[in-house]
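# Coordinates in review
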Amino acid sequence: GQGLEPCAPCPFNTYSDAVGSTQCAACPFRTGSSRMGLEAEADCRAFCAPGSYSADGLEPCTPCPAGEAQPDYRSTSCVQCDAGRSAPQG
């Protein structure tokens, strides 16, 4: 029934900026969160772009070091180039 369920924080990658909200909205394209309970769309952080990484895959990001690469968004690490391949920094 209504009123029986406790208010729960919005899940990861969602937010709610309204009091009395019945649902959470998804963060915009290529943004997300590493914590629950966001209160504004502005709290959604941009994904790390290919060629960069961070601890949670969200900005602020660090460029991949020379000899490593990352082709994906929202990465938490870079991968070393295989033998016969190379990559400049970033």
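## Some points on unusual backbone geometry
The residue after Glu59, namely Pro60, is reached through a cis peptide bond having omega 5 degrees. With respect to the element layout, Pro60 can be found in the loop between β5 (52–53) and β6 (62–63). The residue Asn13 is not glycine, and still its phi comes out positive at about 70 degrees. When you line up the elements, Asn13 lands in the segment before β1 (14–15). Residue classification places Asn13 among the partly exposed residues on the basis of a relative accessible area of 28%.

## What to know about the side chain of Ser54
In this structure, Ser54 sits in the loop between β5 and β6. Among the polar contacts made by the side chain of Ser54, one reaches the main-chain amide nitrogen of Gly57 at a distance of 2.9 Å. When neighbours within four sequence positions are excluded, Ser54 is seen to be in contact with Cys48, Pro60, Cys61, Ser75 and Thr76.

## A look at the state of the cysteines
Evaluation of the coordinates by the stated rule reveals four disulfides. What pairs with Cys48 in a disulfide is Cys61, and their sulfur atoms sit 2.1 Å apart. Taking the sign of the S-S torsion, about -100 degrees here, the bridge from Cys48 to Cys61 comes out left-handed. Of this pair, Cys48 sits in the loop between β4 (45–46) and β5 while Cys61 sits in the loop between β5 and β6, and the two are 13 residues apart along the sequence. Looking at Cys48, the relative accessible area reads 0%, which means it is buried. Here Cys61 falls in the partly exposed class, since its relative accessible area comes to 29%. For the protein chain, numbering the cysteines in disulfides from first to last along the sequence yields the connectivity 1-2, 3-4, 5-6, 7-8. Free of any disulfide, Cys7 has its nearest neighbouring cysteine sulfur in Cys24, separated by 10 Å. Cys7 gets classed as exposed once you look at its relative accessible area, which sits at 84%. Residue Cys81 stays outside any disulfide, its sulfur separated by 9.1 Å from that of Cys64, the closest cysteine. Cys81 sits in the partly exposed class, given a relative accessible area of 24%.

## Some details on the environment of Glu41
Tracing the backbone through its elements, the reader meets Glu41 in the loop between β3 (31–32) and β4. The class of Glu41 is partly exposed, set by a relative accessible area of 43%. Taking C-alpha positions, Glu41 is 9.5 Å from Thr31, a pair spaced 10 residues apart along the chain. Those residues in contact with Glu41 that lie beyond four places of it in its chain are Tyr15 and Pro28.

Cut-offs used in this document
- Counting from 1, residues in each chain are numbered in the order their sequence is written.
- Side-chain atom pairs in this predicted model are given and counted only at pLDDT of 80 or more, local residue features only at pLDDT of at least 70, and totals for whole chains, interfaces and linings cover all residues.
- Calculation of side-chain values draws on the structure's entire complement of heavy atoms; hydrogens and water are dropped beforehand.
- Per the convention used, a helix needs a DSSP run of H or I reaching at least four residues, while a strand needs a run of E reaching at least two, with both numbered from the N terminus.
- Buried, partly exposed and exposed residues are distinguished by accessible area as a fraction of the type maximum, computed with a 1.4 Å probe on protein chains only: under 20%, between the cut-offs, and over 50%, respectively.
- Identification of polar contacts relies on pairs of N or O atoms within 3.5 Å, with a donor-acceptor requirement for protein atoms, meaning one able to donate a hydrogen and the other able to accept it, and with residues adjacent in sequence counted only if both atoms are side-chain atoms.
- Any two residues whose heavy atoms approach within 4.5 Å at even a single point are treated as in contact.
- In plain terms, two cysteine sulfur atoms within 2.5 Å form what is called a disulfide here.

Scope: geometric values only; no functional claims are made or implied.
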